[in-house]
Amino acid sequence: MSIKEGVYRDPTTMEPLYPEHSPELESLAMTLIAESNGLAASLHPLTAHAIADFLRPMNSYYSNLIEGHDTHPIDIEKALHKDFANDKKNRALQLEALAHIKVSERIFSKCLTVEFNPYSTDFLKWIHQSFYDELPEYFRKVKNLEGDETDVIPGEIRTCFVKVGKHVAPDWKHLSAFLNRFETYYNPSDATNRSKIRRVIAMAAAHHRMAWIHPFVDGNGRVVRLLSDACFRHEGLNTAGLWSMTRGLARNEKDYKANLANADLVRFNNYDGRGNLSNSMLTEFCRFYLMTAIDQVTYMKKMLGIDTMLNRIDNYVDLMVAKGLLKHETRYILEAVFLKGEIARGEVERITGKSDKTAKAMAHSLIKLGLLRVDVTNHLSPYQACYPISASPVLFPSLYPTGKEMDMLNAMKGL
Ligand SMILES: Nc1ncnc2c1ncn2[C@@H]1O[C@H](COP(=O)(O)OP(=O)(O)O)[C@@H](O)[C@H]1O
Ligand SMILES: [Mg+2]
């Protein structure tokens, strides 16, 4: 039998869209809601904003990594400063990272209204289009199932058959029916989705079902993870952008892909739900997804504790003092900016106990290292919090994989 004969054509074949009643999933959803509450509460909003800016490249790093695109964080930081590699591949990877960062920034402002439906086809197409519009040619071609090279058209639903793992995704001619069902079923404003706990479990189920539909010829992985980011934001579980689901998925990539593949399976027997697909495997996927989310939120909560952060700022300054790049007193500036989000330029003199000239030179050395930001168009603008990727191994240890952190530490130490 050819692929085209056995392929799904009717949206009822993606049932169940929601796992059967599971007290364990409800309890996980409640834990996630409780844990994510107050993640940003102890931080000044401007500091939280600066940390979210710092985390966006990390989110992009991990999402592209899941697709096998391993762009070094140092190269992402260079790209943010418009410093691009000469060779085609590395330059393309840098541009891809930037594209992801830009889209995830734009996504956050899209999901502010209660009525917004992140599961709408229009929004999925918008994510895909915004991402692919920024991608170089290098990433805009894929081989389809017949082995022919196909262009990836930004925002366009596929017009060919695709296979992901062992799963042959639904017939492209019927995709609009699958996507319509997806959009209406998960719509957070629908009366059936009034319960927040239900909506949180539904995010997990929708993540799999969108990957299963595989609406685009390529880019589905990045789009579905950006969709998850949008859902967390929309549900108020990551309002400040202080944690990354994708980091958790990438760190458990094998389990992520195994759970996705298992949830593609048709139901095992009469005790496995009533839909075409397995209820037990969908439940298992949701369990994995929610546990991964809880793990990331609790991890970031610990990471961003005030005392912990102040200690790390100290460690960072010690390292830079040893290298002769910073003066000892700069720690007081960094601590003040971390606690208050920003300080007036005149404040540095008082904070450091140094002359105006010396204090300004200290602030300047921090700007050079990317640890303070100013509005260059306004010489009176305050000094604001800023956290560069290069300082990540000391300020936010273990956010990136160990090997990458070692490279960053060595670069920091000038080795
Ligand atoms: N067995 C599976 N069933 C459903 N989705 C899967 C399966 N295996 C992987 N995926 C999803 O498909 C994505 C890869 O699809 P693709 O269109 O190539 O996305 P991208 O171009 O972003 O890599 C993975 O990131 C994952 O989210
Ligand atoms: Mg791909």
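Residues numbered from 1 in each chain as written. Chains lettered and ligands numbered in written order. Predicted model: local features only at pLDDT ≥ 70, side-chain atom pairs only at ≥ 80, totals over all residues.

1. Some points on the overall build of the protein chain
Thought 1: A count of helices and strands for the protein chain gives 18 helices and 7 strands.
Thought 2: Against the compact-globule benchmark of 22 Å for 415 residues, the protein chain has a radius of gyration of 23 Å, which places it among compact chains.
Thought 3: For the protein chain, the spread of C-alpha atoms along the principal axes amounts to about 80 × 50 × 35 Å.
Thought 4: A separation of at least 24 residues holds for 70% of the contacts in the protein chain among residues at least 6 apart in sequence. (Helix = DSSP H or I, 4+ residues; strand = E, 2+ residues; numbered from the N terminus. Rg over C-alpha atoms; globule rule 2.2 N^0.38 Å. Contact = placed C-beta atoms within 7 Å.)

2. Overview of the site of ligand 1
Thought 1: Close to ligand 1 lie 17 residues; Glu67, Gly165, Ala211, Asn220 and Gly221 are nearest.
Thought 2: Contributing elements (two or more residues each) for the shell around ligand 1: helix H8 (196-213), helix H9 (220-234) and helix H11 (253-263).
Thought 3: Counting residues per element, the shell around ligand 1 draws most heavily on H9, which supplies 4 residues.
Thought 4: Split into classes, the residues belonging to the shell around ligand 1 amount to 7 nonpolar, 5 polar and 5 charged. (Near = placed C-beta within 6 Å. Nonpolar A, V, L, I, M, F, W, Y, C, P; charged D, E, K, R; others polar.)

3. Digging into the nonpolar core
Across soluble globular proteins, nonpolar side chains have a tendency to be buried as a group.
Thought 1: Ile127, Leu227, Leu242, Phe285, Cys286 and Leu290 are the most contacted members of the largest nonpolar core, which totals 114 residues.
Thought 2: Per element, the largest residue contribution to this core is 11 residues, and it comes from H8.
Thought 3: Discounting chain neighbours no more than four positions away, the residues touching leucine 242 are Leu39, Ala40, Ala48, Ile51, Ala52, Leu55, Met300 and Leu304. (Core = buried A, V, L, I, M, F, W, Y, C linked by C-beta atoms within 7 Å. Buried ≥ 20, exposed ≤ 12 C-beta atoms within 10 Å, placed from the backbone.)

4. Focus: the environment of glutamate 149
Thought 1: You can see glutamate 149 is positioned in strand S2 (residues 149-151).
Thought 2: Owing to 8 C-beta atoms within 10 Å, glutamate 149 belongs among the exposed residues under this scheme.
Thought 3: Once residues lying within four places of it in the same chain are set aside, the contact partners of glutamate 149 are Lys141 and Lys143.

5. Some thoughts on the sheet that holds strand S7 (residues 383-385)
Thought 1: Strand order across the open sheet formed by 3 strands is S5-S7-S6, with antiparallel pairing between neighbours. Unpaired on one side and paired on the other, strand S5 (342-343) and strand S6 (372-373) mark the two borders of the sheet.
Thought 2: Pairing of S6 with S7, which is carried by 2 bridges, proceeds in the antiparallel orientation. Note on S7: the bridge partner recorded for arginine 373 is glutamine 384.
Thought 3: Packing of helix H3 (residues 45-66) onto the sheet brings it into contact with S5 and S7, and relative to S7 it is tilted by some 60°. (Pairing = 2+ DSSP bridges. Axes fitted to C-alpha atoms, helices over the stretch in contact; angles between N-to-C directions.)

6. A few points about the domain arrangement of the protein chain
Thought 1: Segmentation of the protein chain into domains returns domain 1 (3-303) and domain 2 (306-413).
Thought 2: If you average the C-alpha positions of domain 1 and of domain 2, the two centres end up 34 Å apart.
Thought 3: Across the boundary between the two partners, domain 1 contributes 17 residues, which contact 21 residues of domain 2.
Thought 4: Elements with a minimum of two residues in the side of domain 1 that touches domain 2: H3, helix H4 (73-80) and helix H12 (279-303).
Thought 5: In terms of residue count, the dominant contributor to the side of domain 1 that touches domain 2 is H3 (8 residues). (Domains from an automatic or database assignment.)

7. Observations concerning helix H16 (residues 356-368)
Structural remark: α-helix, 3.6 residues per turn; residues separated by three or four positions point the same way.
Thought 1: If you check H16, its first and last C-alpha atoms are 18 Å apart, about what 13 residues at 1.5 Å a residue would give, namely 18 Å.
Thought 2: The inward-facing, buried residues of H16 contact helix H14 (330-340), helix H15 (347-352), S6 and S7. (Expected span 1.5 Å × (residues − 1).)

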